[in-house]
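Remarks on the overall topology
Each chain, written out:
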Amino acid sequence: MVEPYVAGLDVNMGCPKTFSLKGGMGAALLTQPDKVKSILSTLVQGLCIPVTCKIRLLKTLSETIELCKVIEKCGVSAIAIHGRTKEERPNHPNHNDMIREIAKALNIPVIANGGSKEIKCHEDIEKFRQETGASSVMIARAAMWNCSILRPEGPLPLDTVAEAYLRYCIDYDNPFTYSKYTIQNMLRDLQDTPRGKAFLETQTLQEICVMWGLDEYFKTQLAKQSESRNCMHFEHKSGKTAMPPSADHVGIIKREENGQEIVEMPIQFIRGNFNNADLPKMLLNTYVFRNKLSHPHYDHVVVDKFFSASVVVDGIKYASTLREKSKRYAEQGAAAVCLHALGAVDKTYGFVPADGARKYQHVVMKDQCEREKTTKRVCAENDDLEEKSEDTRNSKRIKSKTNIFENNFNVNHIQTEECNDLKRPVN
């Protein structure tokens, strides 16, 4: 089924995670040469595309070479070697010397893996290849931290890479959880800075985009997508995971299915938008009690590891067309739809963050406003200087440039000492 759509097939026999080992997958196969032989031989004989295999080191070099010989005889096109045992972790050194010996012992190409900690730029990739004597290099974590290390011209600033990635997320409606996970891998230690902590508080793709100055791009692209669909409101397509940017983009859809009246809205439960006292399910319980309605009955389905829930109140089913990362959040989203449809809450309910939420974002946004004010003030001073005489202007310009540098240096200094921010240098 897969063969017509891929260039090759790789079997991962090196994953050391507990779930893989307990399931007999990944590194659990390293001590089962007969099963390894059966799997790889079947694939090689049954496919026309190349079959490769990735393993980790066994306890000794001789044991590892012996397993590699078994794999080579299966007819695989290449073998990738992660230079650590299944007990070792990234903080342990990669055994480049053992990969070199394995490469000497085999006749098929060897792909070196495990050198991410030492790879900071394109030149380091070639250095790693030479140290291991491998035919090529496989990179995972280093490329997740900053994929521009693959550029021969040199890596790009982290903010540049993050911004480019977020543009793709906006254009292709990438699920928020996936987008946040990827950016989180890029930030690494910078998650401990105020800006990093503000990022960890984000609960929508739009919030992340604001932090990288892409709020207008987000809104513009959303408008274009709406126009292309010939609709005024946010698309009610089931399966989306992106929260509408505001209550003005949301409409209520009523339909009937198998005799059941259904009310739908694209509402996502964003925990940071609610205080503990006004959670949707809590408000809905209060509403049905006061109006003497039947107790809410919740139901849910799982699709592609995401949850969709509905709630039946007084014989009518209410559901959000957006998927959630958990059953609990999905039920809260369904309750929010019911509250909106019944007119029990204001139209901004769930869209406007509750007071006191996202404390680090408030700090970072305030700091950004101060920097923008400083930049505008400096520009205004420069405009005033342009109206002076030529001689005076030349003299003042030198002084102004000095002041601009000092102002920007002070801003950067504050960010480094107090925030260790990720922002780009001010030109």
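Treat the numbers as computed from the prediction; the structure is a model and nothing was measured.

So, the overall build of the protein
- A count of helices and strands for the protein gives 15 helices and 10 strands.
- For the protein, buried positions account for 44% of its 427 residues.
- In the protein, 61% of the contacts between residues at least 6 apart in sequence involve partners at least 24 apart.
- On the protein, roughly 23,800 Å² of surface is accessible, and the fraction owed to carbon and sulfur atoms is 53%.

Quick word on the pattern of salt bridges
- One pass over the full model with this rule turns up 10 salt bridges.
- Among the salt bridges present, the one from E264 reaches R255, with a minimum N-O distance of 2.9 Å.
- The class of R255 is partly exposed, set by a relative accessible area of 33%.

Observations regarding the environment of N174
- Mapping N174 onto the fold places it in the loop between α7 (158–171) and α8 (176–187).
- Residues N174 and L205, spaced 31 residues apart in sequence, show a C-alpha to C-alpha distance of 8.7 Å.
- Not counting chain neighbours up to four residues away, the residues in contact with N174 comprise Y165, C169, S179 and L205.
- Side chain to side chain, N174 and S179 meet in a polar contact 2.9 Å long.

Describing the packing of aromatic side chains
- Tallied over the entire structure, the rule returns 6 aromatic pairs.
- Between F269 and F274 the ring centres are 5.0 Å apart and the planes differ by 20°, which places this aromatic pair in the stacked class. Taken as a pair, F269 and F274 share a single burial class, namely buried.
- Site record: aromatic cluster; members linked through ring pairs are F269, F274, Y329 and Y349.

What about the nonpolar core?
- Counting residues in hydrophobic clusters, the biggest one holds 35 residues, and the most contacted among them are M13, L40, I55, I71, I79, I81 and V110.
- Setting aside chain neighbours within four positions, we find I71 in contact with V36, L40, C53, I55, V76 and I79.
- Core analysis: the second largest hydrophobic core is formed by 28 residues, V250, V288, A334 and A335 among them.

Regarding the packing of helix α3 (residues 61–73) against helix α4 (residues 96–105)
- For the pair α3 and α4, the least separation of the axes is 10 Å and the interaxial angle reads 40°. As summarised for this structure, α3 and α4 are arranged oblique, according to the angle between their axes. The handedness of the crossing between α3 and α4 comes out as right-handed. Residues L61, T64, I65, C68 and K69 of α3 pack against M98, E101, I102 and A105 of α4.

Observations regarding the environment of Y298
- Turning to its location among the elements, Y298 is positioned in strand β8 (residues 297–303).
- Residue Y298 is classed as buried on the basis of its relative accessible area of 18%.
- Separated by 37 residues in the primary sequence, Y298 and A335 place their C-alpha atoms 8.9 Å from one another.
- In contact with Y298, not counting residues within four places along its chain, are K281, L284, S310, V311, E331 and A335.

A word on the sheet that holds strand β2 (residues 51–56)
- Strand order in this open sheet of 5 strands is β1-β2-β3-β4-β5, and the pairing throughout is parallel. The open sheet has two free edges, formed respectively by β1 (9–13) and β5 (136–138), since each of these has just one partner strand. Ignoring strand direction, the axes of neighbouring strands in this sheet form an average angle of 25°.
- Strand direction decides the pairing type here: β1 and β2, joined by 5 bridges, are parallel. Counted as the bridge partner of N12 is K54 from β2.
- Packing of α3 onto the sheet brings it into contact with β2 and β3 (78–82), and relative to β2 it is tilted by some 165°.
- Sheet strands touched by α4: β3 and β4 (110–113). Its angle to β4, the strand with the most contacts, is close to 175°.

Some remarks on unusual backbone geometry
- One non-glycine residue, R188, adopts positive backbone phi at about 50°.
- The backbone of K292 shows a phi angle near 55°, a positive value even though the residue is not glycine.
- Turning to its location among the elements, K292 is positioned in the loop between α12 (280–290) and β8.
- Exposure remark for K292: the relative accessible area of 78% places this residue in the exposed category.

Looking at the packing of α4 against helix α5 (residues 122–132)
- Two elements in contact, α4 and α5, have axes whose closest approach is 7 Å; the angle formed by their N-to-C orientations is 60°. On the side of α4, the interface is formed by N96, I99, R100 and A103, while α5 contributes F128, Q130, E131 and T132.

What counts and what doesn't
- Residues numbered from 1 in each chain as written.
- Predicted model: local features only at pLDDT ≥ 70, side-chain atom pairs only at ≥ 80, totals over all residues.
- Heavy atoms only, no water.
- Helix = DSSP H or I, 4+ residues; strand = E, 2+ residues; numbered from the N terminus.
- Buried < 20%, exposed > 50% of the residue type's maximum accessible area, 1.4 Å probe, protein only.
- Contact = heavy atoms within 4.5 Å.
- Areas by Shrake-Rupley, 256 points an atom, 1.4 Å probe, with all protein chains shown as cover.
- Salt bridge = Lys/Arg side-chain N within 4 Å of Asp/Glu carboxyl O.
- Polar contact = N/O pair within 3.5 Å; in protein donor to acceptor, adjacent residues only side chain to side chain.
- Phe/Tyr/Trp six-rings, centres within 6.5 Å; stacked < 30°, edge-to-face > 60°.
- Core = buried A, V, L, I, M, F, W, Y, C linked by side-chain atoms within 4.5 Å.
- Axes fitted to C-alpha atoms, helices over the stretch in contact; angles between N-to-C directions.
- Parallel < 35°, antiparallel > 145°, perpendicular 65-115°, else oblique.
- Left-handed = near helix turned anticlockwise from the far one by under 90°.
- Pairing = 2+ DSSP bridges.

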